[in-house]
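The primary structure of each chain is shown beneath.
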Amino acid sequence: MASQQPLLEMRNVHTYYDNIHALKGISCSIPAGDIVCLIGANGAGKTTTLMTIFGVQRASRGEILFQGQPIQDLRPEQVAARGVAQTPEGRQIFAQMTTMENLELGAYLRTDQEEVVRDMENVFTLFPALKERRHQLGGTLSGGEQQMLAIGRSLMSRPILLLLDEPSLGLAPKLVERIFDTILEINKGGTTIFLVEQNAHMALNISANGYVMETGQIVLADKASALLENEQVKKAYLGE
Ligand code: ATP
């Protein structure tokens, strides 16, 4: 089922916060079925890139194509309806709702209730800790469990493309490994993943391709295996 058309393509996308020029002509391409990562220092514009794809921030210029269709003028709920889910940085789960209610929210656009129940079971298989805590309020979960819940909630929409913002942020090393294993499992299940990470090593290890961002621009794009060997990347992002 190989197709030449990328699942997502950004063409020369510019985004501003008032007069701050956060994205200065971003172009990238996410093939269907792959994990692609976006790495870079704090403030480079990684989160803004995901927010712009999802329609939370408006692209002032350029094009964003999803399955060949322009989406740069759509609102987040319209982007979601096309099959894109976003797991924002910092988790942002609903503290006063139970684990199950948070997961159900992820499926709010769906009408196939039986499949929703099955997908919730799948989330519990991926994250057994969430099953144990399914009746517990989100706010009482640990940081790692909240991160799992945020990812699980995104999966409940059965996304074609999952935008993951810093899933390993603030997690203990053991949990970081678990999260990356889970990202691989989610991808094996058929979901394409655009992964923003400061943990460049782990991100490049599970990705097919990677982009490196500096001050609003893509400065390097290559196969992840090549970026892992790139001297500039090693020095700046891999601590070698
Ligand atoms: P981090 O890893 O710290 O989240 P990032 O690479 O995701 O960094 P962005 O959060 O996208 O970077 O920020 C890109 C630029 O836009 C930075 O200069 C930042 O200060 C600015 N910026 C981000 N959000 C806003 C906002 N809501 N209002 C104004 N400026 C913003």
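You'll find the structure just up there.
Right, let's walk through the structure included here. (Residues numbered from 1 in each chain as written. Predicted model: local features only at pLDDT ≥ 70, side-chain atom pairs only at ≥ 80, totals over all residues. Heavy atoms only, no water.)

1. Comments concerning the site of the ligand
Part 1 of the argument: For the ligand, the set of nearby residues contains 14 residues, the closest of which are G43, G45, K46, T47 and T48.
Part 2 of the argument: Here an oxygen atom of the ligand sits 2.8 Å away from a polar atom, N or O, in the main chain of G45.
Part 3 of the argument: Summarising the interface, the protein chains cover 62% of the accessible area of the ligand, which totals 630 Å² for the free molecule.
Part 4 of the argument: Elements that contribute at least two residues to the shell around the ligand include exactly β2 (20–30) and α1 (46–54).
Part 5 of the argument: Per-element tally for the shell around the ligand: the top contributor is α1, with 3 residues. (Near = heavy atom within 4 Å. Polar contact = N/O pair within 3.5 Å; in protein donor to acceptor, adjacent residues only side chain to side chain. Areas by Shrake-Rupley, 256 points an atom, 1.4 Å probe, with all protein chains shown as cover. Helix = DSSP H or I, 4+ residues; strand = E, 2+ residues; numbered from the N terminus.)

2. Brief notes about the pattern of salt bridges
Part 1 of the argument: Counted by the stated rule, this structure contains 12 salt bridges.
Part 2 of the argument: A salt bridge links R75 to E77; its shortest N-O distance comes to 2.9 Å.
Part 3 of the argument: With relative accessibility at 45%, the residue R75 sits in the partly exposed group.
Part 4 of the argument: Residue class for E77 comes out partly exposed when judged on its relative accessible area of 38%.
Part 5 of the argument: Across the salt bridge formed by E115 and R158, the nearest N and O atoms sit 2.6 Å from each other. On the criterion of sequence distance, the pair formed by E115 in helix α4 (residues 113–126) and R158 in the loop between α6 (143–155) and β7 (161–165) is long-range, its members being 43 residues apart.
Part 6 of the argument: The exposure class assigned to E115 is partly exposed, which follows from its relative accessible area of 22%. (Salt bridge = Lys/Arg side-chain N within 4 Å of Asp/Glu carboxyl O. Buried < 20%, exposed > 50% of the residue type's maximum accessible area, 1.4 Å probe, protein only.)

3. Side note on the environment of G216
Part 1 of the argument: Residue position: G216 is located in the loop between β9 (209–214) and β10 (217–223).
Part 2 of the argument: Apart from the residues within four sequence positions on either side, G216 is in contact with A22, L23, K24, I26 and A44. (Contact = heavy atoms within 4.5 Å.)

4. A few points about α1
Part 1 of the argument: Most of α1 is tucked away: 7 of the 9 residues are buried.
Part 2 of the argument: Along α1, the positions that sit buried rather than exposed are K46, T48, T49, L50, T52, I53 and F54.

5. Comments concerning a nonpolar patch on the surface
Part 1 of the argument: A surface patch of nonpolar side chains, amounting to about 400 Å² of accessible area, comprises F94, L105, Y108 and L109.
Part 2 of the argument: Relative to the helices and strands, Y108 resides in the loop between α3 (99–106) and α4. (Patch = residues over 30% accessible without salt bridge, like charges linked within 9 Å, V, L, I, M, F, W, Y side chains within 5 Å.)

6. A look at the pairing of β7
Part 1 of the argument: Judged by how many residues are buried, β7 sits mostly within the fold: 5 of 5 residues are covered.
Part 2 of the argument: Along β7, one buried face is formed by L161, L163 and D165 and the opposite face, lined by L162 and L164, is buried too.
Part 3 of the argument: As paired strands, β7 and strand β8 (residues 192–197) are joined by 5 bridges and run parallel to one another. In the sheet register, D165 faces β8, and the bridge partner there is V196.
Part 4 of the argument: For the crossover that starts at β7, traverses helix α7 (residues 173–188) and ends in the parallel β8, the hand is right-handed. (Pairing = 2+ DSSP bridges. Right-handed = clockwise from strand over helix to strand, strands pointing away.)

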